[in-house]
Amino acid sequence: MTTVYVKEQGATVRRRAERLVISKGGAVLEEYPLAQVDQLVLLGNVQITTQAVATLLEREVDAVFMSIYGKFRGRLHAGAKQAQLRRQQYRFMSDEAANLRLAKAIVDGKIHNQRVLLQRQTRRTPSLARPDEETATLANPAHFSQALAGMMQMHRAIPQADNLDTLRGYEGKAAAYYFAAIRSLLEPDWKFEKRAFHPPPDPFNALLSFSYSLLQKDVEAAVNVVGLDAYLGCFHEIDAGRPSLALDLMEEWRPLIADALALELVNRHVLRPSDFTRTSNSQRPVELGEASMARVLQAYGARLEIKVHHPLAGGPAGGETSLRRAIELQARRLAHVVSGQTPTYEAMKAK
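Residues numbered from 1 in each chain as written. Predicted model: local features only at pLDDT ≥ 70, side-chain atom pairs only at ≥ 80, totals over all residues. Heavy atoms only, no water.

J.: It is not clear to me how the sheet that holds strand S8 (residues 72-76) should be interpreted in this structure. Could you clarify?
T.: Strand-to-strand pairing in sheets goes through backbone hydrogen bonds, with the strands running parallel or antiparallel. If you trace the four strands from one edge of the open sheet to the other, you get S1-S5-S7-S8, paired in mixed fashion. Each having just a single partner strand, strand S1 (2-6) and S8 make up the two edges of the open sheet. Averaged over all adjacent pairs, the angle separating strand axes in this sheet is 20°, with direction ignored. Looking at chain direction, strand S7 (residues 62-66) and S8 are connected through four bridges and run antiparallel. Across the sheet, Phe65 pairs through a bridge with Gly74, a residue of S8. (Pairing = 2+ DSSP bridges. Helix = DSSP H or I, 4+ residues; strand = E, 2+ residues; numbered from the N terminus. Axes fitted to C-alpha atoms, helices over the stretch in contact; angles between N-to-C directions.)

J.: Looking at this model, I keep getting lost on the packing of helix H7 (residues 203-226) against helix H10 (residues 290-304). Mind explaining?
T.: A pair of packed helices is captured by two measures, namely the crossing angle of their axes and the spacing between those axes. For the pair H7 and H10, the least separation of the axes is 11 Å and the interaxial angle reads 45°. With respect to H10, the axis of H7 lies oblique. Here H7 and H10 pass one another in a crossing that is right-handed. Within the contact between the two elements, H7 uses Leu207, Phe210, Leu214, Leu215, Lys217 and Asp218 and H10 uses Met293, Val296, Leu297, Tyr300 and Leu304. When its residues are assigned to classes, the contact of H7 with H10 shows nine nonpolar, no polar and two charged. (Parallel < 35°, antiparallel > 145°, perpendicular 65-115°, else oblique. Left-handed = near helix turned anticlockwise from the far one by under 90°. Contact = heavy atoms within 4.5 Å. Nonpolar A, V, L, I, M, F, W, Y, C, P; charged D, E, K, R; others polar.)

J.: Can you walk me through unusual backbone geometry in this structure?
T.: Most peptide bonds take the trans form, and the phi angle of most residues other than glycine is negative. Cis geometry marks the peptide bond from His198 to Pro199; its omega dihedral reads -5°. Here Pro199 shows up in the loop between helix H6 (164-184) and H7. Here the phi dihedral of Ala17 falls at roughly 55°; this positive angle occurs in a residue that is not glycine. Here Ala17 shows up in the loop between strand S2 (12-16) and strand S3 (19-24). For Ala17, a relative accessible area of 61% translates into the label exposed. A positive phi angle, close to 55°, is found at Lys191, a residue other than glycine. (Buried < 20%, exposed > 50% of the residue type's maximum accessible area, 1.4 Å probe, protein only.)

J.: In this structure, what is going on with the side chain of Thr321? I would like to understand it.
T.: Along the chain, the position of Thr321 falls in strand S12 (residues 318-322). Thr321 gets classed as buried once you look at its relative accessible area, which sits at 10%. Residues contacting Thr321, with those up to four places away along its chain left out, are Ile306, Lys307, Val308, His310, Ala313, Ala326 and Leu329.

J.: When you look at the pairing of S2 in this model, what are you seeing that I'm missing?
T.: Regular strands place their side chains on alternate faces of the sheet. Where S2 lies against S3, five bridges are found, and the strand directions are antiparallel. Each residue of the ladder has a partner; that of Arg14, found in S3, is Val21. Taking the residues that link successive antiparallel strands as the turn, the S2-S3 hairpin has two residues, and the phi of Ala17 there is positive, at about 55°. By the bridge criterion, two bridges tie S2 to strand S6 (residues 47-48) in an arrangement that is parallel. Of the residues in S6, the one forming a bridge with Thr12 is Gln47.

J.: Sorry if this is basic, but what is going on with the nonpolar core here?
T.: It is characteristic of soluble globular proteins that their nonpolar side chains tend to be buried jointly. Grouped together as the largest cluster of nonpolar side chains are 92 residues, with contacts concentrated most on Ile182, Phe204 and Trp253. Here the element with the most residues in this core is H7; it accounts for twelve residues. Once residues lying within four places of it in the same chain are set aside, the contact partners of Phe204 are Ile182, Leu186, Trp190, Phe192, Ala262, Leu263 and Val266. Core analysis: the second largest hydrophobic core is formed by 16 residues, Val4, Leu20, Val37 and Leu76 among them. (Core = buried A, V, L, I, M, F, W, Y, C linked by side-chain atoms within 4.5 Å.)

J.: Hey, could you run me through the layout of surface pockets in this one?
T.: Summary: where empty space remains is shown by rolling a probe the size of a single water molecule over the atoms. By volume, the largest pocket is sized at about 1,500 Å³. As for the largest pocket, its lining consists of 43 residues, and the residues nearest its centre are Arg195, Phe197, His198, Ser209 and Ser213. Among the residues forming the lining of the largest pocket, the class breakdown is 20 nonpolar, ten polar and 13 charged. (1 Å grid on protein atoms, 1.4 Å probe; cavity = no way out; pocket = protein on both sides within 12 Å on 5 of 7 lines; lining within 4 Å. Points joined across faces, edges and corners; volume = space filled by probe spheres on them.)

J.: I tried to follow the pairing of S8 on my own but got confused; where do I start?
T.: In terms of burial, S8 is a largely internal element, four of the five residues being buried. The turn joining S7 and S8, which pair antiparallel and follow one another in sequence, is formed by five residues; a positive phi near 95° is taken by Gly70.

J.: Can you walk me through the packing of aromatic side chains in this structure?
T.: Centre-to-centre distance and the angle between the planes together describe a pair of aromatic rings. Following the criterion strictly, the structure yields five aromatic pairs and no others. Judged by centre distance (6.4 Å) and plane angle (80°), the ring pair of Trp190 and Phe204 falls under edge-to-face. Of this pair, Trp190 sits in the loop between H6 and H7 while Phe204 sits in helix H7; the two residues are 14 residues apart in sequence, bridging distant segments of the chain. In this pair, the class of Trp190 matches that of Phe204, namely buried. Arranged with centres 5.1 Å apart and planes meeting at 75°, the rings of Phe192 and Phe204 form a pair that is edge-to-face. (Phe/Tyr/Trp six-rings, centres within 6.5 Å; stacked < 30°, edge-to-face > 60°.)

Right, here's the structure in full:
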């Protein structure tokens with residue numbers, strides 16, 4: 001199946017027989033068999049016809065609207081059909097103790113995956129693995145080790161958290177340590193000091209924010225497919241317009257998909273700081289260029305096709321599936337918990 005990204009400004013998406021056609025000024029840019037499209041992402045000033053919208057709704061194809069800079073705007077959705085599941089979700093999320101148990105499992109999975117990602121990077125980065133080398137220019141190994149130790153301290157504290165605010169404090173401190181370690185993996189030209197996103201002040205933060213937007217659209221799509229309410233979560237505070245549950249389920253995937261993607265693109269020099277544009281706009285001081293955005297979209301799609309083992313894939317013992325499918329299976333795991341089929345939630349953990 002295919003995710004179609006349309007980023008040509010002024011383009012129009014139409015249905016023509018059994019194909020989805022993207023055109024501009026009378027010229028066809030691309031076309032795809034409808035049977036092979038499971039997600040359509042429109043970035044910026046892209047039009048879509050009523051006939052195409054009706055077809056996408058009828059076939060339950062996820063259609064996502066984003067700004068040209070990658071900010072999520074909304075999606076076409078035919079509406080919830082799992083009323084019983086949602087009623088069970090509302091009951092479950094009203095239980096403070098159940099909420100806390102679920103949130104702990106999510107945060108435990110996130111910090112575990114952050115630690116695994118960092119350890120993988122140390123094995124791949126000679127300057128970290130052998131700090132006495134003359135080529136050790138990418139990192140401060142002592143600083144990296146201190147950050148990793150701080151993360152582990154927060155990880156061990158999770159079981160002792162007796163309320164959500166305390167748990168959020170542990171997660172926030174672990175994240176600060178984590179991004180301090182990430183800084184050790186980057187060349188100085190990236191000028192990355194810490195995670196900042198209102199707005200992203202440097203190229204690496206801009207890359208992370210764009211990657212997280214891509215991930216959010218896919219996690220929210222999985223939540224919708226399963227039939228859960230994306231706006232009623234356990235860890236992120238509930239607020240108007242905030243898809244709290246989708247943000248909750250994103251946490252375990254951030255290191256495995258978005259952070260790993262960003263580090264791969266940067267450390268393999270697929271992207272360089274010069275690929276980003278500095279602007280005079282205080283709302284978007286740093287922007288991805290068109291060519292660099294295309295590279296990110298291609299790499300993101302390829303990462304989602306990486307195969308992993310999942311307990312709900314294949315036979316009784318689980319099996320191999322793509323990361324894209326694993327996101328949906330994790331949403332189904334959560335649905336099993338809120339419906340009482342499974343007692344506890346297990347985050348997806350890297351090995």
